[in-house]
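One letter stands for each residue in the lines below.
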Amino acid sequence: MHWSGPAIVCATLPHGEAGAIVRLLTPDAGLLAGYVRGGGGRRTRPALIPGNRISARWHARVESQLGHVTLELDQSAGPLMLGSRLSTAVLAWSTALTAHALPERHPYPALYDALAGLLTVMGATEDPRAWCAALVRYELILMSELGFGLDLSCCVATGATDDLAFVSPKSSQAVSRAAGLPWADRMLPLPGFLARAGTHIAPWPEIADGLRLTGHFIERDILHGRVAESLEARQRLLRWIEAETR
Amino acid sequence: MASPEIDQLTSLLAKLPGLGPRSARRAVLHLLKKRETALNPLIGALQTLADRLTTCTTCGNVDTRDPCGICADPRRDRTVICVVEEVSDLWALDRAGSFGGLYHVLGGRLSALDGVRPEDLGIDRLVARARDGGVTEVILAMNATLEGQTTAHYLADRLEGTGVRVTQLAHGVPVGGELDYLDDGTLAQALKARSPV
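Residues numbered from 1 in each chain as written. Chains lettered and ligands numbered in written order. Predicted model: local features only at pLDDT ≥ 70, side-chain atom pairs only at ≥ 80, totals over all residues. Heavy atoms only, no water.

A. Summary view of the overall build of chain B. In terms of helices and strands, chain B carries eight helices and six strands. Starting at the N terminus and walking to the C terminus, you meet the elements of chain B as α-α-α-β-β-α-β-α-β-α-β-α-β-α. For 197 residues, the compact-globule estimate of 2.2 N^0.38 gives 16 Å, and chain B exceeds it by more than 25% at 21 Å. Structurally, chain B occupies a C-alpha span of about 65 × 45 × 35 Å along its principal axes. Classification of the 197 residues of chain B by burial places 37% in the buried group. (Helix = DSSP H or I, 4+ residues; strand = E, 2+ residues; numbered from the N terminus. Rg over C-alpha atoms; globule rule 2.2 N^0.38 Å. Buried < 20%, exposed > 50% of the residue type's maximum accessible area, 1.4 Å probe, protein only.)

In structure tokens form, the structure reads like this:
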């Protein structure tokens, strides 16, 4: 079995003295895990930073085998990793979530494009609000690809398509302001930038609302009962974003 | 055919980093041949170390006394603490001989994938040391990895409000490094952190 093409490094674990096991998100083969010979060495290690875009070749003798990976670095995520605390946290969370949540060897082309897009925005835009909002959108796409998408198209109670202001924490469907106001304290606020079309830069409070919204469903549906530290890493990111709103 | 005791020693040595079954066998043969000059002193040294080995309750370094040799050294600058992930990082920095302050060993780094949380590391002890007074600067000497940088940002966050200056090691072109051989990330970071000549 062979595969080759572009990929994004999502996780790297040291294996033995000199090797590493990587998990790569690919456009047409989904999440692939493989052993990188010399992955713990000085030369290959910089190519294995989560978020790096690489050209990879993966091969295994049989389908059940882990597989071997050889790779070349195309674009380093080093500057994002060594940037601000928000940049490091967004990079760490988006790649860790991808590595944790996706089953292996299922193609998710839309998710690959979304993660590549998030990394591009992070590299190209100085304003952290742009890529924190992109992270919220990425999480929504990930949930949708895994079958837990939110329905933000119309109000679950009235069918109205405008003035959607809440999301039901149970049904994960949008609720209009008029229908949801009496139960506002039990609802999750739907941030305006998710309801609005266009590419306006979202304000920090809306981004924080967006992360709380996706966080509720990621914890309930995607990472339920798993990886407490992952969720703690997300809490830290949210705390730092909340600090920006003050 | 070796005796079970020799086989056991060989298999124990083969588990050490840098050694495999063949090199472990060579080491065992050497120890058996040089019983007086190699085997017995090695047994003595290992036994002494096993009896006395302890972790410094101040900085987390491993030593045969508590506080460790570095923390007990009166010539050390007690106003600066350099935070490292592992004891091996402390040894590397101290070997360089360019830092005369104290250290703090975290014992790992935050990792979402490995499930390492802040309470698993010596972070509370570090904050207490920074608050104790007398400390003016904390240098975060974390590895240039995603987990290392995440830990550095978390520490900077925790140390906010202690009144100490928090700094971080520079990242860029290594001494003796040729630009042609450096990866894009290192080059980009070096350019970003350029300084006037």
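B. Inspection of the pattern of salt bridges at higher detail. All names here are of chain A. Enumeration over the complete set of coordinates arrives at 15 salt bridges over all chains. Between Arg 234 and Glu 139 there is a salt bridge, and its shortest N-O distance comes to 2.7 Å. Taken together, the residues Arg 234 in helix H8 (residues 228-245) and Glu 139 in helix H4 (residues 128-145) connect sequence positions 95 residues apart. We note that Arg 234, like Glu 139, is buried. The partner of Asp 209 in a salt bridge is Arg 212, with the nearest N and O atoms 2.8 Å apart. (Salt bridge = Lys/Arg side-chain N within 4 Å of Asp/Glu carboxyl O.)

C. Looking closely at the domain arrangement of chain B. With domains assigned, chain B is organised as domain 1 (4-52) and domain 2 (62-196). Taking only C-alpha atoms into account, the centre of domain 1 of chain B sits 34 Å from that of domain 2 of chain B. (Domains from an automatic or database assignment.)

D. Broad picture of the sheet that holds strand E3 (residues 77-84) of chain B. Residue and element names in this part refer to chain B. The strand order across the open sheet formed by four strands is E4-E3-E5-E6, and the pairing between neighbours is parallel. Of all strands in the sheet, those bounded by a partner on one side alone are strand E4 (101-105) and strand E6 (165-168). Recorded for the sheet is a direction-independent mean angle of 25° between the axes of neighbouring strands. Pairing analysis gives four bridges linking strand E5 (residues 137-140) to E6, with the strands arranged parallel. (Pairing = 2+ DSSP bridges. Axes fitted to C-alpha atoms, helices over the stretch in contact; angles between N-to-C directions.)

E. Seen up close, the domain arrangement of chain A. Residue and element names in this part refer to chain A. Along its sequence, chain A is organised into domain 1 (2-76) and domain 2 (86-152 + 190-244). Between domain 1 and domain 2, the contact holds 23 residues from the first and 19 residues from the second. Between domain 1 and domain 2, roughly 1,600 Å² of surface is buried when both sides are summed, and carbon and sulfur atoms account for 61% of that area. The three residues of domain 1 that bury the most area against domain 2 are Leu 25, Leu 31 and Arg 53, which together make up 32% of that side's buried surface. (Contact = heavy atoms within 4.5 Å. Buried area = accessible area lost by both parts, 1.4 Å probe.)

F. Molecular detail of the interface of chain B and chain A. Contacts between chain B and chain A engage 29 residues on the former and 30 residues on the latter. For the pairing of chain B and chain A, the buried interface totals around 2,300 Å² over both sides, and the portion due to carbon and sulfur atoms is 64%. Three residues stand out in chain B for area buried against chain A, namely B:Leu113, B:Leu146 and B:His153, and they jointly supply 29% of the buried area on that side. Residue B:Asp157 pairs with A:Arg85 through a salt bridge whose shortest N-O separation is 3.2 Å. Counting the contacts that link chain B with chain A gives six residue pairs in polar contact (both at pLDDT 80 or more). Broken down by secondary-structure element, the contributors of at least two residues to the side of chain B that touches chain A are helix H7 (146-159) and helix H8 (184-192) of chain B. For the side of chain B that touches chain A, the class distribution of residues is 12 nonpolar, 10 polar and seven charged. (Polar contact = N/O pair within 3.5 Å; in protein donor to acceptor, adjacent residues only side chain to side chain. Nonpolar A, V, L, I, M, F, W, Y, C, P; charged D, E, K, R; others polar.)

G. The sheet that holds strand E6 (residues 164-167) of chain A, seen in detail. Residue and element names in this part refer to chain A. The three strands are arranged E7-E6-E8 in an open sheet whose pairing can be described as antiparallel. Each end of this open sheet is capped by a strand with a single partner; those strands are strand E7 (174-176) and strand E8 (188-189). In this structure, E6 lies alongside E8, joined through two bridges in antiparallel fashion. Across the sheet, Val 167 pairs through a bridge with Leu 188, a residue of E8.

H. Inspection of the state of the cysteines at higher detail. Residues and elements named next belong to chain B. Tallying each qualifying case throughout the model produces zero disulfides over all chains. Of all cysteine sulfurs in the structure, the one in Cys 68 sits closest to Cys 59, which takes part in no disulfide; the separation is 3.6 Å. Residue Cys 59 is classed as buried on the basis of its relative accessible area of 1%. (Disulfide = S-S within 2.5 Å.)

I. Fine view of the pairing of E3(B). Residues and elements named next belong to chain B. Note that E3 and E4 share five bridges and pair parallel. When the sheet's bridge partners are listed, Val 83 is paired in E4 with His 104. Note on the crossover from E3 through helix H5 (residues 87-96) to E4: the handedness is right-handed. (Right-handed = clockwise from strand over helix to strand, strands pointing away.)

J. Spotlight on the pairing of strand E4 (residues 53-59) of chain A. Residues and elements named next belong to chain A. Two elements, strand E1 (residues 2-15) and E4, share seven bridges in a ladder whose sense is antiparallel. Paired with Ser 4 across the bridge in E4 is Arg 57. Across seven bridges, E4 lies against strand E5 (residues 68-75) in antiparallel orientation. Paired with Ile 54 across the two strands is Leu 73, which belongs to E5.

K. Focus on the packing of aromatic side chains. Residues and elements named next belong to chain B. This structure, assessed with the given rule, holds one aromatic pair over all chains. Ring centres of Phe 99 and Tyr 103 lie 5.2 Å apart, and the angle between their planes is 65°; on these two criteria the pair is classed as edge-to-face. You can call Tyr 103 buried: its relative accessible area is 1%. (Phe/Tyr/Trp six-rings, centres within 6.5 Å; stacked < 30°, edge-to-face > 60°.)

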